[in-house]
Amino acid sequence: MSAALSKAEARELVWRAMEMHGVARFPGSKGRIPNFVGAERAALRLQALPAWRDARVVKINPDAAQLPVRRMALREGKVVYMAVPRLRERECFLELDPGRLGAKTLQAASIKGAESLGRPGTLRAMPPIDLIVCGAVAVNGRGARVGKGGGFSDLEYALLAETGKVRPDVPIVTTRHGVQVLPQSLEMRPHDIPLDFAITPEGVLQFTRAFPRPPGLLREALTTGQIAEVPVLRELLGER
């Protein structure tokens, strides 16, 4: 059996492939969760999943690739939570509630709109999350996921699990282009979140759970930089 691709290798492979195939939208793929041609169609395929239809409170990443998903959620009356960039505030999630936002609801789907219209809240004040939509650079057929390298999707999940805001069976999904699906094994670490579904403009991949989810914060996986920069981490770890 061949060795798993490292995260760095998987990112470079996908970023190059997206540019080669012309499926990365402005401003390009490298260094980010890439926006992709067909993101709106992928969102519509997500809409058909029972896990989406049943969800009332959803956590969605702020990247451009998932903007159609955020708009769709808000249009359907779902309450959306977006993390504050780099979790740098104690009130580290923004609540986007269509019942409160009214006519400004769809404006709140963008990053700037969420920052100006979202209601900041602490982790402990959040309700339980019914569904998580995260960004991805690369995925494979076993539900392994590679992000852009910051580790924040994994950390956000760990914080939610640590405080009882997500159950172990809460669905985790992503939308992405077919080019981002790799046949190779991908490196997965104990703190990495696996996927239950990955949706492309052409179809839905559902995964049998092949990797354990982190049960909460894994102290050994945290860097001193993360602890220093993320107030809620210091609070949960009892550090100043």
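Structural notes, computed from the coordinates. Since the model is a prediction, treat every value here as computed from it, not as a measurement.

Calculation rules
- Residues numbered from 1 in each chain as written.
- Predicted model: local features only at pLDDT ≥ 70, side-chain atom pairs only at ≥ 80, totals over all residues.
- Heavy atoms only, no water.
- Helix = DSSP H or I, 4+ residues; strand = E, 2+ residues; numbered from the N terminus.
- Buried < 20%, exposed > 50% of the residue type's maximum accessible area, 1.4 Å probe, protein only.
- Axes fitted to C-alpha atoms, helices over the stretch in contact; angles between N-to-C directions.
- Parallel < 35°, antiparallel > 145°, perpendicular 65-115°, else oblique.
- Left-handed = near helix turned anticlockwise from the far one by under 90°.
- Contact = heavy atoms within 4.5 Å.
- Salt bridge = Lys/Arg side-chain N within 4 Å of Asp/Glu carboxyl O.
- Phe/Tyr/Trp six-rings, centres within 6.5 Å; stacked < 30°, edge-to-face > 60°.
- Lys NZ or Arg CZ within 6 Å of the ring centre and 35° of its normal.
- Pairing = 2+ DSSP bridges.
- Core = buried A, V, L, I, M, F, W, Y, C linked by side-chain atoms within 4.5 Å.
- Lys, Arg positive; Asp, Glu negative; His and termini not counted.

**A look at the environment of cysteine 92**
Here's step 1: On the secondary structure map, cysteine 92 appears in the loop between β2 (79-83) and β3 (93-96).
Here's step 2: Classification of cysteine 92 by relative accessible area gives buried; the value is 0%.
Here's step 3: Taking the C-alpha atoms as reference points, cysteine 92 and proline 194, 102 residues apart in sequence, are found 23 Å from one another.

**Re the packing of helix α2 (residues 39-47) against helix α4 (residues 67-75)**
The packing of two helices is summarised by the inter-axis angle and the distance between the axes.
Here's step 1: Close contact between α2 and α4 brings their axes to 8 Å; oriented N to C, the two are set at 45°. Taken together, α2 and α4 sit at an angle that is classed as oblique. Judged by the sense of rotation from one axis to the other, the crossing of α2 with α4 is right-handed. Packed against α2, whose contacting residues are Ala39, Glu40, Ala43, Leu44, Leu46 and Gln47, the element α4 presents Pro68, Val69 and Met72 at the interface.

**Re the pattern of salt bridges**
Here's step 1: For the structure shown, the criterion picks out 14 salt bridges.
Here's step 2: Residue aspartate 192 is joined to lysine 7 by a salt bridge in which the shortest nitrogen-to-oxygen separation is 2.9 Å. In this pair, aspartate 192 sits in the loop between β9 (181-182) and β10 (197-199) while lysine 7 sits in helix α1 (residues 7-21), placing the two residues 185 residues apart along the sequence. The exposure classification of aspartate 192 matches that of lysine 7, with both residues buried.
Here's step 3: Its salt-bridge partner being arginine 145, residue aspartate 154 comes within 3.9 Å of it at the nearest N-O pair.
Here's step 4: Among the residues examined, aspartate 154 registers a relative accessible area of 9% and is labelled buried.
Here's step 5: One network of salt bridges, with partners in common, ties together Asp196, Arg209 and Arg213.

**Looking at the packing of aromatic side chains**
Here's step 1: Throughout the structure, instances matching the rule amount to 0 aromatic pairs.
Here's step 2: Sitting over the face of the ring of tryptophan 52, lysine 78 holds its NZ or CZ atom 5.0 Å from the ring centroid.

**So, the sheet that holds strand β7 (residues 145-146)**
Here's step 1: Across the sheet, which stays open at both edges, the 3 strands sit in the order β7-β6-β9 with mixed pairing between neighbours. The two strands at the open ends of the sheet, each matched to only one other strand, are β7 and β9.
Here's step 2: The pairing of strand β6 (residues 138-140) with β7 spans 2 bridges and is classified as antiparallel. Residue alanine 138 lies in a different strand from β7, and its bridge partner there is valine 146.

**Quick word on the sheet that holds β2**
Here's step 1: Taken in spatial order, the 8 strands make up an open sheet running β4-β3-β2-β1-β5-β8-β10-β11, and their pairing is mixed. With partners counted over all chains shown, the strands left at the sheet margins are β4 (119-121) and β11 (204-206), one partner each. Taken over all neighbouring pairs, the strand axes of this sheet differ in orientation by 25° on average, direction set aside.
Here's step 2: Most of the contacts of α4 go to strand β1 (residues 57-60), to which it runs at about 165°, and overall it touches β1, β2, β3, β5 (131-133) and β8 (172-175).

**Thoughts on the nonpolar core**
Here's step 1: Ranked by internal contacts, the top residues of the largest apolar core, which has 47 residues, are Leu46, Trp52, Val80, Leu96 and Val133.
Here's step 2: Each residue touching tryptophan 52, except ones within four places of it in the same chain, is listed here: Leu46, Gln47, Val69, Met72, Ala73, Glu76, Lys78, Leu131 and Val133.
Here's step 3: With 34 residues, the next largest nonpolar core counts Val57, Ile132, Ala161 and Phe207 among its residues.

**As for the side chain of arginine 176**
Here's step 1: Its place among the elements puts arginine 176 in the loop between β8 and β9.
Here's step 2: In this structure arginine 176 is buried but unpaired, with glutamate 202 as the nearest side chain of opposite charge at 6.9 Å.
Here's step 3: With near-sequence residues (within four places) excluded, arginine 176 lies in contact with Phe36, Val139, Val181, Ala198, Ile199, Thr200, Pro201 and Leu205.

**Describing unusual backbone geometry**
Here's step 1: Cis geometry is found at the peptide bond from phenylalanine 26 to proline 27, where omega equals 5°.
Here's step 2: You can see proline 27 is positioned in the loop between α1 and α2.
Here's step 3: Here arginine 86, not a glycine, exhibits a phi torsion of approximately 60°, which is positive.
Here's step 4: Mapped onto the elements of the fold, arginine 86 is located in the loop between β2 and β3.
Here's step 5: Even without a glycine there, the phi angle at leucine 87 is positive, about 50°.

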